[in-house]
Every structure is written in structure tokens, then in C-alpha cells.
Amino acid sequence: MDRLLDSLFPSAENIPETWRLEAPLEQRDYLVNGELRRWDGPLATVRSPVWLKHGDDEQQVVLGSAPLLDADTALTALDAAVHAYDKGRGAWPNMRVAERIQHVERFLARMREQRQAVVKLLMWEIGKNLKDSEKEFDRTCDYIVDTINALKDLDRRSSRFELEQGTLGQIRRAPLGVALCMGPYNYPLNETFTTLIPALIMGNTVVFKPAKFGVLLIRPLLEAFRDSFPPGVINVIYGRGRETVSALMASGKVDVFAFIGTHKAASDLKKLHPRPHRLRAALGLDAKNPGIVLPQVDLDNAVEEAVTGALSFNGQRCTALKILFVHEDVVDTFLDKFQRKLAALKPGMPWEPGVALTPLPEPGKVDYLDGLVADATGQGARVINQGGGQSRGSFFYPAVLYPVTAAMRVYHEEQFGPLVPVVPYRDLQTVIDYVLDSDYGQQLSLFGNDPATIGSLVDIFANQVGRININAQCQRGPDTYPFNGRKNSAEGTLSVHDALRVFSIRTLVATRFQEANKDLISEIIRNRQSSFLTTDYIF
Ligand code: G3H
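Analysis parameters
Residues numbered from 1 in each chain as written. Predicted model: local features only at pLDDT ≥ 70, side-chain atom pairs only at ≥ 80, totals over all residues. Heavy atoms only, no water. 1 Å grid on protein atoms, 1.4 Å probe; cavity = no way out; pocket = protein on both sides within 12 Å on 5 of 7 lines; lining within 4 Å. Points joined across faces, edges and corners; volume = space filled by probe spheres on them. Helix = DSSP H or I, 4+ residues; strand = E, 2+ residues; numbered from the N terminus. Nonpolar A, V, L, I, M, F, W, Y, C, P; charged D, E, K, R; others polar. Domains from an automatic or database assignment. Pairing = 2+ DSSP bridges. Axes fitted to C-alpha atoms, helices over the stretch in contact; angles between N-to-C directions. Salt bridge = Lys/Arg side-chain N within 4 Å of Asp/Glu carboxyl O. Buried < 20%, exposed > 50% of the residue type's maximum accessible area, 1.4 Å probe, protein only.

## Describing empty space enclosed by the protein
Part 1 of the reasoning: If you walk through the whole model with that rule in mind, you get two cavities of 30 Å³ or more.
Part 2 of the reasoning: Roughly 80 Å³ of volume is contained in the largest cavity.
Part 3 of the reasoning: For the lining of the largest cavity, the elements supplying multiple residues, two or more each, are strand E12 (280-284) and strand E26 (490-491).
Part 4 of the reasoning: For the lining of the largest cavity, a count of residues per class yields seven nonpolar, five polar and two charged.
Part 5 of the reasoning: Residues lining the lining of the largest cavity come from more than one domain, with at least three contributed by each of domain 1 (30-40 + 69-284) and domain 2 (289-483).
Part 6 of the reasoning: What lines the second largest cavity is simply Lys288, Asn289, Pro290, Tyr434, Val435, Ser438, Tyr440, Gly441, Gln442, Gln443 and Val465.
Part 7 of the reasoning: Elements with a minimum of two residues in the lining of the second largest cavity: strand E13 (289-293), helix H15 (428-437) and strand E22 (440-441).
Part 8 of the reasoning: Considering only residue class, the lining of the second largest cavity consists of five nonpolar, five polar and one charged.

Structure representation (C-alpha cells):
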């Protein structure tokens, strides 16, 4: 392991030319009201999880810097969004759906041109490997295409009139107002865009603040945002959340709060809003998804899924398997197979072919994980895999902790990193109680092949979590499926289809089914005197 850690971080000349860094990026631009404005105030240093060798020394790479806007400047972005929405009278919220779609398509075409630049920054800023960084970019583009198609479907269905009990009506979805969109650092592009794009396309105006890491990678998209949408429709700000976002929420001018992060941060921010009943929230929050391995099971499959479920992107996924309950009858074989699979995961730099384990972007994360390991081993658990828990700089080699008990912190805390706590059990009731008593309720995985047991567990857990995965790891995709959670894990449901509903409200225009009213409505439609009342069919 020492040898592996010694050779983990490269020197600059060992990095493939395509992925080498040029000069540090000093970003001072932010986007307000259709203009890239220059910030001359303080900047935040942007550091990479990657360290580089300089002779015998290893140093963390500085990637550049990003603006630390103050509250007043952040409020100018909010005012631009408020102005563009103009209490629902703005050009964007009133635009015909087909035209809004054209703007989003224009943006998508420009975004695709930036694939290489964004993928490179995903690797350098958050340490995501090349394959997953490319996947994040492509999945985001697919999500935009799917969103456009879902909106066309929705609009086609709304283009017809309905007649109920003598009342003629047309029901369409209308925007809600100004949306504040904030994504997480583990999917700084994808998860942010899964709220940002639906918010925009439904006619809301947006203030977007990038995640705490994965900030510079938004820079290549700023011109595309600026050129694809009318002024004020999308505004991009940077800075500390407590300085900027707190001011936006306290202003009371935010109508929709789309946030992916901790439930504590979400609660603190929501509380600042002076009119809570006027604030709609779409939240993706903490999770502690358990993987439950039953005694009658295909162990090879369970191990395969558990390893990727617990360790892809070093366990830094909200959907990661964060605790494994394994029946005593199979636990020894499970651990043996698990360790062998884990040992085959390649540590290295994000751009190296086949790399699975990479350095972590959060400062202090290695110390935090060390603390969880020390707490667990101090209370009787062992790190059972070779080299588990060893670290160098920002890199932490995954540790499998066994046997984990309820007395240990890692049993309860969301580690969001490469730690795999394994709890042996004999009585299934202890596992059921864990789920019932948990503060989280996002997903879980069941591994087993006895229909009676799986069937009854599905019924027990269906009222506890948003998704039950059978013989498969937890995950968000496919993006057309609902993604949500109970308890402290989420508010609202996101999917391509659901997100369009989250960022809009059904609005009805109704009249008595009488000759004069029929003539009136027909005239409006024939003369194209309304963008709401229309029977246009989008192809
Ligand atoms: O971090 C949470 C993500 O929504 C997980 O998405 O399951 O596709 O990795 P994923």
C-alpha cells in the first residue's frame, strides 16, 4: 500500500497532454441581466483534489479562483430575475412553449461545444474519473432532450379543450415565478441542470449558484446562457452561501427553491423566507441507504452491486449504499468476495484509464473519515481489507469496517465517502427497525431470491423509502423514473416528467358552454390573441 500511495500523485509532465492544466483560471465573470459582469472584489481560491509531485514534495494543485460576491451584488441578480419575470407579465413567462423550447435547444447546441472543457474541469475540480465525467456531461444533454420531449407531450395534451358539466375549459401549466437553483458538488453539472432546465423551460426566471466544488466548470457555459436566453431569464452568481443565498431568501422574492445538499442547510435557508407559504421547494437531501443481504441470495451479484453501490465515485453519491446489513450465514463469504472485488478497483488520477478510486475534493474529509474509523475500531470493529483507511493527502483508500454496531457513529452518520460499514444480523427485525427508525428515507437495496421474504419486505419498506431496489444497487436513473425520498431525504419528486410539474402550476381558463362564449374563444384562437388560449400543436 505504501508503494501505491507513493506513486499515486503524478508530476505535471506525467499527465496526458489533453488533460494538462494551462495557467490558473482567474474567473471574475458572473451573469446578470444578460451581461457578463466583472467582479473586482475578493476571490475564493479554487483547489483541486489532485496533488502533484515536485521533486520529493507533493502539493495540492491550485486551479484558479472564483468571485466571492457580496450580498448586494447577489441581490442585483435576483432583481434581474424578478424584473424579467415582471410579476408574470415578462416576455419569458408569456412566451409560447414552442419558442421557449427553441431557446433551450439553442443553449443545448452551444453547451455541447463545451464538452471537452467541462469534462476536463469535472476531473480536476471534483476528481471524478474520465468515464463518469463524460457520462455526467452526456447524461445532462440527454436530460435536456428528454425534458424538451416531455414538455412537447405535456403541451400537446393541454392544447385541447375539455367539457365537463357544461363548463368548457383549457388547462395548462403556468410558471411559478423566480427560481433559485443550487446543486451539489458530486454532480455539479447534472443535478443542478435537472432543476435549472425544467425551471427555465416552464417559464420561470432563474438565479443559479454553482455548487461549493465544481465552480469553474460552469464558466465555459456562461456565454451560452447569455446568448441563448433573454436578459434576466438566467443569472449566475458565485460566493459563499451564507452571504449570498441567505440574502436572496430573506428578500422574500424567491418563489421556488431548488436545492440539493444537507437537510440542515435546506431548513436554515427555508426559514429565512418571510412568506413560507409562497415558497415552493424541490429538495434532494441526505441519505443513508442500506443494502440488505438475505441468507438466500446470489452472493456474486450482491457483491458486484454492493461494491459499485458503495464505492462508485468514492461513495460520494447521495444514492450510495452507505451501510450493509449481511446475514450471519453468508457474511464470511460475502466479506471475502467483497474484499477481492475491492482490491481490483484501480486507484489513480481521474484521467487514467480504468481508474475507479480517486482523491476527494472536500477539505478535512480524510480527517473526518479517519475519525469514523477510529470511533468504530475503538468499539470493536476492524478494518478488514488490506490497506483500508490508509491515506495520502486528499486520497483515502476505502475501508471495510466489520462488525459494525449501533454504538458506532458510522452506523448513523452519512459518511459520503469510501467507508463501507458492514453489520452482521441474525434477526431480520433488527434491520427492519433500522429502516423504520432512520431519519432518512431515500432508497434501499434488497439482495435475495426467496419470493416470500422479498415480497413481505417490499410491503414493509414501501412506506419507508422512495425506491426499493431488488438485487441491484441504489441509483437515481433512469431519469424518467421518480427520484424522491421520505423524512429528511427529500421534498418533492423529480424525474424528467415530474420536474416539469414541480416548477409550474396547473391553471384553468373556464367558461360556460354557450354560443357567445364559444364564439369568443374561437375568435381568440383564430386571431392568435393569446399564448395561453391556443390549440397550437407542437410537432
Ligand atoms: O448524488 C445523488 C445522485 O442523484 C445520484 O445519482 O444514482 O445516478 O449516481 P446516481
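## Observations concerning the sheet that holds strand E27 (residues 504-512)
Part 1 of the reasoning: Spatial ordering of the open sheet is given by E6-E7-E27, a layout of three strands whose pairing is antiparallel. Edge positions in the sheet fall to strand E6 (162-164) and E27, since each has one partner strand and no second. Mean inter-strand twist for the sheet, computed between neighbouring axes without regard to direction, equals 40 degrees.

## Section: the pattern of salt bridges
Part 1 of the reasoning: Enumeration according to the criterion identifies 34 salt bridges in this entry.
Part 2 of the reasoning: Here Glu362 makes a salt bridge to Lys212, at a shortest N to O gap of 3.3 Å. On the criterion of sequence distance, the pair formed by Glu362 in the loop between strand E16 (355-357) and helix H13 (365-377) and Lys212 in the loop between strand E9 (205-209) and helix H8 (222-228) is long-range, its members being 150 residues apart.
Part 3 of the reasoning: For Lys212, a relative accessible area of 55% translates into the label exposed.
Part 4 of the reasoning: Among the ionic pairs, Lys264 bridges to Asp268, the shortest N-O distance being 2.8 Å. Of this pair, Lys264 and Asp268 both sit in helix H10 (residues 263-272), four residues apart, which is roughly one turn of that helix.
Part 5 of the reasoning: In this structure Lys264 comes out as exposed when scored by relative accessible area, which is 52%.
Part 6 of the reasoning: Among the charged side chains, a salt-bridge network with shared partners connects Asp6, Lys53, Glu58 and Arg392.

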